[in-house]
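Chain by chain, the residues:
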Amino acid sequence: QNFVIDTGVSPTMINLRVAQSLGLSGSTRTIHALMHDIDTTEMSLESLTLGPIRMKNVLVVARDLTGLEKEVGVRVDALIGLDVLRQSSFTIRYSDNTILFGSPALSLTATNLGNEQPMASVALIVGNQPLRLIVDTGAADIVFFRKHIDILSPAAKVQHNKFNLGGEL
């Protein structure tokens, strides 16, 4: 299967096409996708393997991911989220599109992703103000929410419309 690693997703989401081909069914569940609620179907996968991660009876949601596939230009069978990724330490090496499982190499600087469920976040300081940054490998940009935008310079107050699985942001 063609998995996309997305630390902004939890629970893991499989393409409805894949769920149908596996003969899976489930119940309707609405999940929150940043600023939108989206309808999905909750179901259980008998097993899921990703590198050293091996899980049984994995609770996932299914949704038609055709729009995402068109946007990224590849077939997407599943968005592997933090519910699966939290089972092992990992390093994403963007320079060669590699994910390494296990403890990071000694030359890397590691940071704690916090305990907020279901998202990974890191502490940072912007303009002398402490903030938490959601670490979302599925996002192409840094997004500040309006209630925090006043910490930036007036020149940074530019609004751009972005999209996620739930729609426009």
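Rules of the game
Residues numbered from 1 in each chain as written. Predicted model: local features only at pLDDT ≥ 70, side-chain atom pairs only at ≥ 80, totals over all residues. Heavy atoms only, no water. Core = buried A, V, L, I, M, F, W, Y, C linked by side-chain atoms within 4.5 Å. Buried < 20%, exposed > 50% of the residue type's maximum accessible area, 1.4 Å probe, protein only. Helix = DSSP H or I, 4+ residues; strand = E, 2+ residues; numbered from the N terminus. Contact = heavy atoms within 4.5 Å. Pairing = 2+ DSSP bridges. Salt bridge = Lys/Arg side-chain N within 4 Å of Asp/Glu carboxyl O.

Some thoughts on the nonpolar core
Part 1 of the argument: Grouped together as the largest cluster of nonpolar side chains are 17 residues, with contacts concentrated most on I14, L48 and I80.
Part 2 of the argument: Those elements giving two or more residues to this core turn out to be β4 (36-50), β5 (53-63), β6 (78-80) and α3 (82-85).
Part 3 of the argument: Counting residues per element, this core draws most heavily on β5, at five residues.
Part 4 of the argument: In contact with I14, not counting residues within four places along its chain, are A19, L24, M43, L45, V60, V61, A62, R63, L65, D77 and A78.
Part 5 of the argument: Listed in part, the eight residues of the second largest apolar core include V9, V61, V76 and L79.

Here we look at the pairing of strand β7 (residues 90-93)
Part 1 of the argument: Sheet topology places β7 next to strand β8 (residues 98-101); four bridges connect them, and they run antiparallel. Each residue of the ladder has a partner; that of T91, found in β8, is L100.
Part 2 of the argument: Here β7 folds back onto β8, and the loop between the two strands holds four residues, one of which, N97, carries a positive phi near 55 degrees.

Some points on the environment of L82
Part 1 of the argument: Its place among the elements puts L82 in helix α3.
Part 2 of the argument: For the pair formed by L82 and V9, sequence separation is 73 residues and the distance between their alpha carbons is 6.5 Å.

Side note on unusual backbone geometry
Part 1 of the argument: In this chain, S10 is followed by P11 through a cis amide linkage whose omega measures 5 degrees.
Part 2 of the argument: With respect to the secondary-structure elements, P11 resides in the loop between β1 (3-5) and β2 (13-15).
Part 3 of the argument: For N57, which is not a glycine, the phi torsion comes out positive at approximately 45 degrees.
Part 4 of the argument: Structurally, N57 is set in strand β5.

Things to note about the pattern of salt bridges
Part 1 of the argument: Applying the stated criterion across every chain yields a total of five salt bridges.
Part 2 of the argument: Between D77 and R17 there is a salt bridge, with its nearest N and O atoms 2.9 Å apart. A residue pair is termed long-range when its members are at least 10 positions apart, and D77 in the loop between α2 (66-72) and β6 and R17 in helix α1 (residues 16-21) qualify at 60 residues.
Part 3 of the argument: Given the relative accessible area of 36%, R17 is considered partly exposed.
Part 4 of the argument: D96 is paired through a salt bridge with R93; the nearest N and O atoms lie 2.9 Å apart.
Part 5 of the argument: Taking the relative accessible area as the measure of exposure, R93 reaches 36% and is therefore partly exposed.

Some words on the pairing of strand β10 (residues 129-134)
Part 1 of the argument: With six bridges joining them, strand β9 (residues 121-126) and β10 adopt antiparallel strand pairing. Residue pairing for β10: V122 is matched across the bridge by L133.
Part 2 of the argument: Connecting the antiparallel pair β9 and β10 is a turn made up of two residues, with G127 showing a positive phi of about 55 degrees.

Describing the side chain of D77
Part 1 of the argument: On the accessibility criterion, D77 (3% relative accessible area) is buried.
Part 2 of the argument: The residues touching D77, leaving out its near neighbours within four places in the chain, are Q1, N2, I14, N15, R17 and V18.

Quick look at the environment of H32
Part 1 of the argument: Residue position: H32 is located in strand β3 (residues 27-33).
Part 2 of the argument: Since its relative accessible area comes to 54%, H32 is described here as exposed.
Part 3 of the argument: Taking the C-alpha atoms as reference points, H32 and V9, separated by 23 residues in sequence, lie 9.7 Å from one another.

Without other data, these values stay purely geometric and don't point to any function.
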